[in-house]
Every structure is written in C-alpha cells, then in structure tokens.
Amino acid sequence: MWFEELLITIKYYLVLQMPGSLQPVGSAFLSSLPIMTSFGGLFALATLLERKMLGRIQNRYGPNRVGPGGLLQPVADGIKMLTKEDIVPKNADHLIHFLAPLGLLVSAMLGLSVIPFGHRLIALDIETGILFFFAMGAASELAIFMAGWGSRNKYALLGALRAIAQMISYEIPLILSALSVLMVVGSLSLSDVAQAQSGGIHTWHIFTPWGFLGCILFLISTLAEINRSPFDIPEAESELIAGHMTEYSGFKYALFFMAEGVAMFAMCALTATLFLGGYHAPLPILSFIPGPVWLFGKLTSLVLLFIWIRGTMPRLRADQLMEFAWKFMLPMSVVNLIAAGVWVALDGGVAAWILSGLLNCVAYFGWSRILSQASRFNPRTYRYAEEAGVSK
Amino acid sequence: MIGKGILKGMVETARNLTGSFHDPDRLTTVEYPEQKIPAKENARNFPFLIYDGDDWEAGLRCVSCQICEKECPPQCIYIEKDKEKKPDFLGKMQMQPKIFDIDVSVCMGCQICVEVCPFESIRMDNDFEYAGSDRFESLLLTKDQLAKSNKYYHSIHPTEAQETDEIRVQKREDHLAKEKAKAEKLAKAKEEAATKAALSKAEKAKEE
Amino acid sequence: MSLFFTITALITMASAIAAMTLRNLVHCVLCLTVTFAGIALVFLQLGAEFIGFSQILVYIGAVSILMLFALLMTRGGTELTLKRWDPVHWITGTLIGIAGFGVMSFAIFNSSLRQSKIPEAKADSLHALGNSLLSQYVLPLEVMALLLTVALIGAALIALPEKKVFRRNASFSKNQESGNK
C-alpha cells in the first residue's frame, strides 16, 4: 500500500507544479510514462530471456557473447534494428504501410492502460476497463490487415488474412472465458476484479472450478490472439516468410516485434488480474511487498510459461487451428460460462463448488472423449479434380 | 483426453531445461574461439607443400614438375619454374618452383594433386581458419605460406605421414641399390674389359 | 460545442466523405473505420462508455474486417478500384441517403427523446443498461439474437454443399476399396 501511495503522491506533487491548463495533459503523461518505459525495458529483457530459455530447452547456451552472460544482447539487437535501412516496396501503399506498425504498437500499449498495477495504481480507471482492453485488441486486427495489404505482397496479405481469421476465431473463447469472471465479480472494471481477490490465495479465481477452466481457456486463446507458438501460423517462417511483417525492415520491423511483446505482456497482465489475484499478495502477511512487484512476478511467470510452451509445441496446421477453436474452445467456454452462472446462482459455497466443478469435469472429459473418437487417426482423404467430376 | 500429450511434452522439455544446468554432458556446444575440438585425423581441406629439415627453401620437396597444375580440376594452382636447380634428397639436381600459388577460394579440396604428385611434396592440410578481410589477396596462398615442415605433417596426419616417409625411405633404398648395382655393373664391365684387355694382350703376345 | 467535439466531428465527417469518394475500395473501408472510431469518440464524450467501446469492438474489430474480407474474397487483389463514375449510381445513392436520413429524423423527432431533457450521465450507467436490456427490452434483444443465429445457420448452409461433394467422394473411394478386395 505504502509504495502505491508514494507513487501517487509524487505524481500529484509533480502535476501541481504545472500551470493549470497543462495539468490534465501532464497527469495523463505522468500516468503513461512509467508504463511505456517499464514495458519497453521489460520487452527487451524478455527477448533475451526467451532466447536463453529456448536454448536451454534445446540443450544450448543461448546468447552469451554480448556483455556478461549475454545481458547486453537486447542493446546490440536494438542498435542493429535501428541502424538498418528502412525499405518500402515500390508498389506499396506508403501511408498504410507506414501507419500499420504504429497502429499495432499504440493499440497494444493502450491495452496496458486499464491494468491495475497496484491499489489505485491504474492509468485509466474506467467502469468498462475490460471492454476497452478487448476493443484495443480488436483494433490491432485492423493494423495487421493494413500491414498485410499495404505491403503489396502475397505472403504479407496471406499472413494477414490468416492472422485476422485466427484472431477473430479465438476472440470468442477469449471474451467468453473472461466473461465468467466478470459475471461472478459483477463489474467490468478491472480494479473491481482485482479487489474481489484481495483476501489471499484462496480467493483467487483460478482456485475455483470455473476459474481454473476459464484460466486455461483464456491462456490458450491468448496464445492465439498474440500469434505465439503453437498458434504462430500467421508468421510461419517456413511457409509465409514472416507473414504480415514480410515487407518491413529496420525500425518498423522492430516496432512490430515490440508491439507483439507488449501485447503479450498486456495479455499476461490481464490474465493475472482476472484469475491470479492481480496485484494482491498470496498471503495477507506478505502484503507489505508492493503490489506492482506481485503483478510483475505473476506476469513474468506467465511469460515464462509461454516461452516454455513455445519450446515444446510444433505449429498447428491452419485447419486444425480452426477446428480446435470452434469444436473445443467455444463449447468449453460456453460450458464454463454456465458453470460460473451456477456459482453466481448458488452464491459460492460448497454446493456451488461441487456443482460447477462436476459440470466442467463432465463437459471436459466427455467432450474430449467424443472429439478424440471422432478424429482418431482417420486416413487422410484427398480430393482430385477427375474424381470430383465423376457423377454417380 | 485432449491435453495429455501436451502435458507429457512439457514435462520432457522441462527436464531438458533443468537438466542442462546440472548435467554438463547435455550441453554439446563448444565455445569456438576459446575452445576447440582437436581435428579428426582424416580431416582435410586445402593442400600444402612439405619441406624437410629446417630451411624451407632448401628443403622444399617440390621439383615444379607441374603435374598437379595440369591435373587440378578447378585450376587453382599456378607454378613458375626457377632457373636455378637444387639437389633433392637423393642428391640429384632438380628444378624448383619460383612461384607456387594456390587460390583457396577456388580450390575444392579434391585431393587429386596429392594423388598425382610423384615427389610426395604436396599433401592435405586441416587448417580451416582462413578468414580474411579480403576476398582475393588473403585467399591466394603463396609458396612461403604453403610451405610447412614434415614435422607439422606428422602432427596433423601421423599415419599418412608415416606412410609417406616409408615411401621415401624405400625410394632412397631403391636409389642406393640402383646406384650400387650400377656401380657394380660398371666395375664388372671395367673388370671384364680389363680381363679382356689382359687376355687379348696375352693372346697377342702368344701369337708373336 | 467543445473544441474536442469539433475536432472529432470534423475528422468523422472528413473520413465519411473520403469513404464515399475515394477510388480504391480498401481505402474507402479504412476511411469508414475512421468514421466508426469518430462515432465511438462521440459516444465516449456523451459519457456512454459501454456503447463507445462496444462500437470500437464491433465496428472496427468485426464489421470493417468483414467488409475487407468480403472485398478481397470477391474481387480478387487486383480489381479493387472503382472505375466508372456513373450518374445513375450517384442519383440513386443520394436518394437512398435522403430517404434514410428522413426516416431516421422522423423517428427521432417523434420519439420521447425530444420532449424530455437530456438526462445526466449516471455513474452506474452500465448496470442500468444491463438491467433494462434484460428486463424492459428483453424481447427485442432475443429477437435480434434469433436473427443473428438464423444468419449464422444460413451462412453455414451456404458453406455446406462443398461438404456433400466431399462425402460422396469418401464413399466413392470406399466403394473402390471394397471392389479391390
């Protein structure tokens, strides 16, 4: 608590030093500055961490040449990216090509503004915080389309279309699984959601039947939403060069990468807020440690989980991706929503625990059994032109 | 059950992740400029010229016969003969190269030059650190860069060097035997001539 | 009329005009997206947070993407520009616009909105919205949900014939297999 109060006091002191007409702008600037700087730095460190951890998973060292233990590798990467030539294709739509990376980064950064980093430590405390977050996520789809279409490149357009199809498909389970939390909390404001889990580890939403399934569904949809492995088909290197980023180089390419990283952090922060207690300590005794430390700890462990998943799983095929979204994710998230409804109707307690847990378990085991029997290594069927023309 | 295989895979990668910290055998990476793996005995890439003794110019085995230059498929060898001759290991006067260049940017390491060389003078090296800042000059190896001692040859390819030395010993023995036989033949011929002369002398004296 | 509203209105109007006049269809859709964003900003200035963000989520995130997809799927990547400047289109478009505007203004002027004073934006507008949607306006909501479901099933039906061909082929190959045995 003291840390948050200190930060807020400093901010108000600084704002009061400004002339009156500048105060709203100054306040907004001072609120967004820590977010932008800290997540920019965190992104740089995360790239290094990702490469190191992937290396260890593959029994390699990872980057260890620049600086002690490779710590300065992000700096070297940054210098390389910034000094590279910025090439724009001759036939590209210059304005759209230029606006796309900016739009992506801005929408990713704006998503962070509704995340509560501590008690009262939230840049934009609005009633409809989570809706704002998802609206910004939707705006990033448009930016990806602009990147793909503005490049005048087949691979870029194909990658963008794949990305958008994937993001729209996975947005539904994403929002539905978040909705279960909102139903129970009864508010769209993320600070209310965090406040509802203030009592310690047993009040965290992940330790309820609907929260557990919801968290897993949310994490899977998050992976798809930020185009990370195993859902990285929009930028599948072996098929599409780099998807919508094919025609970008230098600083703009770095912006794309940064937007991806920031979107990952924003999604992880949202997951932590929705299911893992937000900025609250797992035990009330530990609450002397400031809230941002807890949130960043949870966020980092989720990022580590994502890297771990990336080091484990191969890329999905496009049709498998869609099948998974519509045949598994969507029904499960609807069932989870019903389970959360049962919880709300019974107002928590043991009966609600058993009922919603039973509902989720039955749905999960039953549905996965049906699905795996339906597609148990069927021989692949091919369609040939001659065969399709045969009339029976 | 959906998700079981994924969990199994994640356990496996987690084992790799933690194992690479406490089990050094897992990490097969060699930190190259600081650590080097000793080259395998049969490793070879570009040719070099062998010399005997300590003075590379005097001990160079090459007699500039130019067979390798003619046989080289990508024609990366360039030889110019010197006017002055020098004695080889058998004591015979032989030609020597004035210029002997190998362009390693062209060389494909086929080892044909080694196979055709009748004087055991050109052999394959295993040094691979040829990186330079210039594509042309630094990759054109001249005679003084190519000349390496027989000791070095023994250090990189011991078995092969042993065989080469045996061939040379054999050659020397053959040469000595030949010389001996020649000398004997010569002596015999002389003797015969002498006896013949003595005989004819005696016959002449008889006739008289 | 605040400065902020003026700027928003100008951007919205300019992008709407651009969406009507630009030659390249993708540019038109992108300009239309800016218009949607401007409308969302107007909602936000009126204190209707939920509707404003829903506008962004639905119109920018889904509707404009849908239009772009439809464009790319039907016309192909090359023919994305309007070539003819047809006066018939121009006149019919204007007529439709006037008719739409007339119907909407008629509805607004005859509604209760005009008589009552504009209520202050309530602090708890979200809960009020939810309550009224699920109590007073539950029938229109359900009708709309039904309509969307019907549209979804219709879309699935349109996509279905391909699957029939697929099945027939599967049985075809099965017959072949049994014949081989």
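Just so we're clear, the structure is a prediction, and the values are computed from it rather than from any experiment.

## Thoughts on the sheet that holds strand β8 (residues 147-149) of chain B
All names here are of chain B.
- Read across the open sheet, the three strands follow the order β6-β1-β8; overall the sheet is mixed. Of all strands in the sheet, those with a lone pairing partner are β6 (122-124) and β8, marking the two edges. Geometrically, the sheet is characterised by an average inter-axis angle of 55 degrees between neighbouring strands, direction not taken into account.
- Inspection of the sheet shows strand β1 (residues 47-51) paired to β6 by three bridges, in the antiparallel sense. The residue bridging P47 from the neighbouring strand is M124, located in β6.

## Description of the confidence of the model for chain C
Residues and elements named next belong to chain C.
- Averaged over chain C, the pLDDT score is 78; the fraction of residues at 70 or greater is 75%.
- Note on residues 167-181: pLDDT under 50 across the span, and nine contacts to partners over four residues away in sequence or across chains.
- In the model output, the complex is listed with pTM 0.79 alongside ipTM 0.79.

## Considering the packing of aromatic side chains
Residues and elements named next belong to chain A.
- In this structure the tally under the stated criterion is 20 aromatic pairs over all chains.
- A ring pair is formed by F133 and F134, whose centres lie 6.0 Å apart and whose planes are at 90 degrees; its orientation type is edge-to-face.
- The exposure class of F133 is buried, given its relative accessible area of 6%.
- The exposure class of F134 is buried, given its relative accessible area of 6%.

## Considering the sheet that holds strand β7 (residues 140-141) of chain B
Residue and element names in this part refer to chain B.
- Sheet architecture is open: three strands sit in the order β2-β5-β7, paired in antiparallel fashion. The open sheet has two free edges, formed respectively by β2 (77-81) and β7, since each of these has just one partner strand.
- In this sheet, β7 lies alongside strand β5 (residues 97-103) in antiparallel orientation, the contact comprising two bridges. Paired with I102 across the strands is L141, a residue of β7.

## Concerning the interface of chain B and chain A
- In this assembly, 19 residues from chain B lie in contact with 21 residues from chain A.
- Each partner contributes to the roughly 1800 Å² buried at the junction of chain B and chain A, and carbon and sulfur atoms together form 63% of this total.
- Applying the counting rule to chain B against chain A returns two salt bridges.
- Here R65 of chain A and E31 of chain B are joined by a salt bridge, their closest N and O atoms 2.6 Å apart.
- Where chain B packs against chain A, one counts eight residue pairs in polar contact (both at pLDDT 80 or more).
- Classifying every residue of the side of chain B that touches chain A gives nine nonpolar, seven polar and three charged.

Cut-offs applied
- Residues numbered from 1 in each chain as written.
- Chains lettered and ligands numbered in written order.
- Predicted model: local features only at pLDDT ≥ 70, side-chain atom pairs only at ≥ 80, totals over all residues.
- Heavy atoms only, no water.
- Pairing = 2+ DSSP bridges.
- Helix = DSSP H or I, 4+ residues; strand = E, 2+ residues; numbered from the N terminus.
- Axes fitted to C-alpha atoms, helices over the stretch in contact; angles between N-to-C directions.
- pLDDT = per-residue confidence, 0-100.
- Contact = heavy atoms within 4.5 Å.
- Phe/Tyr/Trp six-rings, centres within 6.5 Å; stacked < 30°, edge-to-face > 60°.
- Buried < 20%, exposed > 50% of the residue type's maximum accessible area, 1.4 Å probe, protein only.
- Buried area = accessible area lost by both parts, 1.4 Å probe.
- Salt bridge = Lys/Arg side-chain N within 4 Å of Asp/Glu carboxyl O.
- Polar contact = N/O pair within 3.5 Å; in protein donor to acceptor, adjacent residues only side chain to side chain.
- Nonpolar A, V, L, I, M, F, W, Y, C, P; charged D, E, K, R; others polar.

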